Amino acid sequence: MAEEELTQTGIRVGGWLPAVPTEPDREPQPTAVPRRLRTGPDDAPSPASAGPVDDHAGPTDEPAAGGGADPDGVAAQPVPSPTTGPAPARHSAREGVTGRLAELVGRAAATARVAVGAAPDGPVTRVGVARARRRRRRMVLATVVLIALVLALAYAGRGPESEDGPTVPATLPTETGPAPAPAASPTIVPVTGNPAFPGGPLLSLDQQPVPALVDLTALGARDWIHWGGMGGSSVQRKQTGTGEIADPGGPRLEHAASVSAFAWTDGTPLARQEATRYGVFQRGAGKSFSVGVAGSGDLRTVRLFAGTFSAGARLDVRLSTGGDPAVREVALAAGDRFFEYVIHFRAPRGARLLITWRALTVVGGANEGVTMEALTVS
């Protein structure tokens, strides 16, 4: 008897087997695979992996993988039939509170980053990046403005302070008492000869180097006089002078040997002179020149330009009101010498300053003696 027949009758070599009912042949069904819950578009099964499904397939005698009974007699999990469809999958939530907190914190952080401009809101596009930059720029500008406002308010609250210390009150208490008397200012003799305050008689005599050019208009603000130029008796005066210079005249000789050149622009009878070296002189020992300047009660400055031709001479300056004279002497020496004497004096009205320039001795020549060129008052 064939094995198939023995199986049908329950007879098998080596033992008896239960009879297997005869059922029509069934088409084999595909192996059941556990299905997974779709969580996104990436989890959708591709058409190539799914394969065709036959809705008319009937039941089969062969157990599916994972179903039926195994050789050890353990019952397998039932496999859903094609007619009823797969069993619904279970939708499970995340386990534990930690996971939920992490999800909430992540969402909050992402929202904050979008708010401050650290991350773009939505897909990363050029528009999103530009918006994020504008947000950051506005945040930075607002921060700078706020800091500047705070600093300005703080500085305004402090108020201006002095670098040297606290502010001194505008008015300070003063001590009562007599004010100290002002110190007396010293008497100043102006070089230009401007009038000073009236006072007692004053007389001083100094000597200065002779300049190469003497401007009589500049030095004689009040009056001036120049001798020579058109003969021994010729005289040039300031056209608008005060007439303070008194010249008695007398016999004189003319010379053109002065080391100084004299100039003026306000003279008479010659209105203008660029540079002249003329003057007058007296020949022989004992000969002299005498001139006077009127006093006005103010301080005056007189400049006398004089010289010697191989002679010794003496200058005497005194006030007509009396007092000691001021004297300068020139030792005897050969040759031509010229000097500038500066006299400061103050005399009351009606008094005079008297000047005498005298030759004491001469070397022995024909034209030796004393000379005079000009005199100014300021």
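Residues numbered from 1 in each chain as written. Predicted model: local features only at pLDDT ≥ 70, side-chain atom pairs only at ≥ 80, totals over all residues. Heavy atoms only, no water.

1. Quick word on the pairing of strand 15 (residues 311-319)
Of the strand pairs in this sheet, strand 15 and strand 18 (residues 352-362) are connected by 9 bridges, and their pairing is antiparallel. Counted as the bridge partner of L319 is L353 from strand 18. Connecting strand 15 to the next strand, strand 16 (residues 326-330), in antiparallel fashion are 6 residues, including G322 with a positive phi near 110°. (Pairing = 2+ DSSP bridges. Helix = DSSP H or I, 4+ residues; strand = E, 2+ residues; numbered from the N terminus.)

2. Brief notes about the sheet that holds strand 4 (residues 213-215)
Backbone-to-backbone hydrogen bonds pair the strands of a sheet. The strands run either parallel or antiparallel. Judged by pairing direction, the sheet is mixed, and its 3 strands sit side by side in the order 4-9-11 without closing on themselves. Sheet topology places strand 4 and strand 11 (273-276) at the edges, where each strand pairs with a single neighbour. Within this sheet the neighbouring strands show an average axis-to-axis angle of 20°, counted without direction. Taken together, the 2 bridges between strand 9 (residues 261-264) and strand 11 define a ladder with antiparallel strand orientation. Among the inter-strand pairings, F262 is bridged to a residue of strand 11, identified as T276. (Axes fitted to C-alpha atoms, helices over the stretch in contact; angles between N-to-C directions.)

3. Quick word on the pattern of salt bridges
All told, the structure shown has 7 salt bridges when counted by the stated rule. The salt bridge involving R252 is made with D247; its shortest N-O contact spans 2.7 Å. The exposure class of D247 is partly exposed, given its relative accessible area of 22%. (Salt bridge = Lys/Arg side-chain N within 4 Å of Asp/Glu carboxyl O. Buried < 20%, exposed > 50% of the residue type's maximum accessible area, 1.4 Å probe, protein only.)

4. Things to note about the environment of A333
The residue A333 is located in the loop between strand 16 and strand 17 (336-346) in this model. Judged by relative accessible area, which is 25%, A333 ranks as partly exposed. The spacing of A333 and V363 is 30 residues in sequence and 7.3 Å in space, taken between C-alpha atoms. Ignoring anything within four residues of it in the chain, the contact list for A333 reads S310, A311 and V363. (Contact = heavy atoms within 4.5 Å.)

The values reported here are purely geometric and, on their own, carry no functional implication.
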